[in-house]
Amino acid sequence: MKLNVGVIFGGKSVEHEVSIITAIQAMDFIDNEKYEVIPIYITKDLQWFTGGCLRFIDTFKDFDLLKRYSKRVNLINKDGRYILQTNGFFKREVCELHLAFPIVHGANMEDGSIQGYLNLIGIPYVGSNIYSSTLAQDKVFMKQVMQANQIPVTKFVWFGERFYRNKKEELFKQIDELKYPLIIKPATLGSSVGIEMITRKEEIDSTIERAFQFDSKVIIEEKIEDLTEYNCSVLLTSNGNITSEIEEVTTNKPLLEYGDKFLYDSESEDNSIKRTCPAGISEKLKKEIETYSLAVFKMLNMRGVARIDFLYDNKNKKLYVDEANSIPWCFSHHLWEKRNISYKELLNIMLADAIAVEIKNQGMKMTLDSEVIEKMNHNKIKEMK
């Protein structure tokens, strides 16, 4: 019997469109001999839809078309079964799910939010759990954990909007300890959303104000001027964690913006991004990237597949971890294909891991025998300290 896999994508995130693209691609490569794919699209205003039309990109160019050919649903736990159920007064069961596959990007979705809901109703799901997802999504949390584990990150300052409004002088003293140029980022977004470069102190205030349009938490980092970026993916398999091929990313732009990473033609001569895989690097640097990739994956307790991004200071010959992605764009399948792991096989490994986790969880003790409630009365509760 095939397992019904609910592929969840979209959601209230500035990376909504990127999620749609990753999900549509993945649904085409999920093994249809083992799994029945059930698309579940979440709109920006958090309406849930399902239907076969959601597997095609043209559906998302016409919202009226989407509403006409798909059903609005809720995902619920009904007597231990995970059901997509229609809305309205007369609720109807659309289908049963056996497994959820969140393919979402960005804050409010990839950051543990969707994983929390799936945990709440009890459905098993693919990939990292709430804690890993939250740490990976928040650039400040992630860098602090890295520092505590002696993993190199670029020098940074972070702050919330209240601190900025009330203690600006103190904040600017911290920023003065950084070397220009600087990079400012919304702390919990991805895909280069809201990122800007600061070349002089006079630009700081206006740049921070723009960053606060995207996030209530901001990070400012030193920019490496002579820079090469490297990406390495890590996959959890039944035989342990393994690394993908390493990719080198170069650009003729001072700073990549949202869309640059996705809307590019690899064959175009005037493309702003150049990707080289495998990267033409020394064995020493390759080993260093692989070692840190495995360390970050383990440290954040990640599952499924992740991508670890690196910054290399060409002048000082020093490697830094930039960030970890718990649900990478297109799952970085091109990095695995260079290691002779097809996209279909990559997804099979991720799905098999989720099934193994659920089998293990079913044997875990989730309740305790206790007489706490039986021995309690309302007066005792009122008097408790």
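Residues numbered from 1 in each chain as written. Predicted model: local features only at pLDDT ≥ 70, side-chain atom pairs only at ≥ 80, totals over all residues. Heavy atoms only, no water.

A complete count under the given rule lists 24 salt bridges for this structure. The shortest N-O distance in the salt bridge between Lys61 and Asp58 comes to 3.2 Å. Neither Lys61 nor Asp58 differs from the other in exposure class; each is exposed. Residue Asp205 is joined to Lys168 by a salt bridge in which the shortest nitrogen-to-oxygen separation is 3.2 Å. (Salt bridge = Lys/Arg side-chain N within 4 Å of Asp/Glu carboxyl O. Buried < 20%, exposed > 50% of the residue type's maximum accessible area, 1.4 Å probe, protein only.)

Next up on the list: a nonpolar patch on the surface. Taken together, the side chains of Met376, Ile381 and Met384 present a nonpolar region at the surface, about 280 Å² in accessible area. Mapped onto the secondary structure, Met376 falls in the loop between helix H11 (343–362) and helix H12 (378–383). Residue Met376 is classed as partly exposed on the basis of its relative accessible area of 31%. (Patch = residues over 30% accessible without salt bridge, like charges linked within 9 Å, V, L, I, M, F, W, Y side chains within 5 Å. Areas by Shrake-Rupley, 256 points an atom, 1.4 Å probe, with all protein chains shown as cover. Helix = DSSP H or I, 4+ residues; strand = E, 2+ residues; numbered from the N terminus.)

Another aspect to go through is the environment of Ile123. By the element assignment, Ile123 lies in the loop between helix H3 (113–121) and helix H4 (130–137). When the C-alpha positions of Ile123 and Glu358 are compared, they lie 8.9 Å apart, and in sequence the two are 235 residues distant.

If you walk across this open sheet you meet the seven strands as E6-E5-E4-E3-E2-E1-E7, and the pairing is mixed. Strand pairing shows two members of the sheet lacking a second neighbour, strand E6 (93–97) and strand E7 (99–102), which therefore form its edges. Strand-to-strand twist of the sheet, defined as the mean angle between neighbouring strand axes without regard to direction, takes the value 35 degrees. By the bridge criterion, eight bridges tie strand E1 (residues 3–10) to strand E2 (residues 35–42) in an arrangement that is parallel. Residue pairing for E2: Gly10 is matched across the bridge by Ile42. The strands touched by helix H1 (residues 16–29) within the sheet are E1 and E2, with E1 carrying the most contacts at an inclination of about 155 degrees. Of the strands in this sheet, E1, E2 and E7 touch H11, which is tilted by about 130 degrees from E7. (Pairing = 2+ DSSP bridges. Axes fitted to C-alpha atoms, helices over the stretch in contact; angles between N-to-C directions. Contact = heavy atoms within 4.5 Å.)

All right, on to the confidence of the model for the protein chain then. For residues with low pLDDT, the predicted coordinates do not support detailed interpretation. Taken residue by residue, the protein chain gives an average pLDDT of 90. The fraction at 70 or more is 91%. Ranking the elements of the protein chain by mean pLDDT puts H12 last, at 73, and E2 first, at 98. (pLDDT = per-residue confidence, 0-100.)

Once that is clear, we can look at the packing of H4 against helix H5 (residues 139–148). Between H4 and H5, the least distance of the axes is 5 Å, while the angle of their chain directions is 95 degrees. Relative to H5, H4 is oriented roughly perpendicular. Mapping the contact onto sequence places Thr134, Leu135, Ala136 and Gln137 in H4 and Lys139, Phe141, Met142 and Val145 in H5. (Parallel < 35°, antiparallel > 145°, perpendicular 65-115°, else oblique.)

Next up on the list: the pairing of strand E12 (residues 227–237). Of all eleven residues that make up E12, nine are buried, and the element is covered over most of its length. The pairing of E12 with strand E15 (residues 305–313) spans nine bridges and is classified as antiparallel. Paired with Tyr230 across the two strands is Phe310, which belongs to E15. In terms of strand pairing, E12 meets strand E13 (residues 240–251) through eight bridges, oriented antiparallel. The partner of Asn231 across the bridge, within E13, is Glu247. Taking the residues that link successive antiparallel strands as the turn, the E12-E13 hairpin has two residues.

What follows covers the packing of H1 against H11. Orientation of H1 relative to H11, taken along the N-to-C sense of each, is 95 degrees, at an axis distance of 9 Å. With respect to each other, H1 and H11 are oriented roughly perpendicular. Residue-level contacts link Thr22, Gln25, Ala26 and Phe29 of H1 to Tyr343, Lys344 and Leu347 of H11. Within the contact of H1 with H11, the residues separate by chemical class into four nonpolar, two polar and one charged. (Nonpolar A, V, L, I, M, F, W, Y, C, P; charged D, E, K, R; others polar.)

The next point concerns the environment of Cys330. The residue Cys330 is located in the loop between strand E16 (318–325) and helix H10 (333–337) in this model. Measuring from C-alpha to C-alpha, the distance between Cys330 and Glu36 comes to 20 Å, with 294 residues separating the pair along the chain. Once residues lying within four places of it in the same chain are set aside, the contact partners of Cys330 are Thr22, Gln25 and Tyr343.

Moving on: the packing of aromatic side chains. Throughout the structure, instances matching the rule amount to eleven aromatic pairs. Ring centres 4.9 Å apart and planes at 75 degrees place the aromatic pair Tyr41 and Phe60 in the edge-to-face group. Within this pair, whereas Tyr41 is found in strand E2, its partner Phe60 is found in the loop between strand E3 (48–50) and helix H2 (63–69), the two being separated by 19 residues in sequence. Given a relative accessible area of 6%, Tyr41 falls into the buried group. What links up through ring pairs into an aromatic cluster is the set Phe9, Tyr41 and Phe60. For Lys217, the ring lying beneath its charged end belongs to Phe141, and the centroid distance is 3.9 Å. Lying over the aromatic face of Trp158, Lys217 brings its terminal NZ or CZ to 5.0 Å of the ring centre. (Phe/Tyr/Trp six-rings, centres within 6.5 Å; stacked < 30°, edge-to-face > 60°. Lys NZ or Arg CZ within 6 Å of the ring centre and 35° of its normal.)

On to the nonpolar core, then. Ranked by internal contacts, the top residues of the largest apolar core, which has 52 residues, are Val7, Phe9, Leu97, Phe101, Phe331, Leu346 and Met350. The contacts of Phe101, once residues within four sequence positions are left out, are Val5, Gly6, Val7, Ile8, Ile30, Val126, Phe331, Leu347, Met350 and Leu351. In this structure, Ile219, Tyr230, Ile289 and Ile308 belong to the second largest nonpolar core, which totals 28 residues. (Core = buried A, V, L, I, M, F, W, Y, C linked by side-chain atoms within 4.5 Å.)

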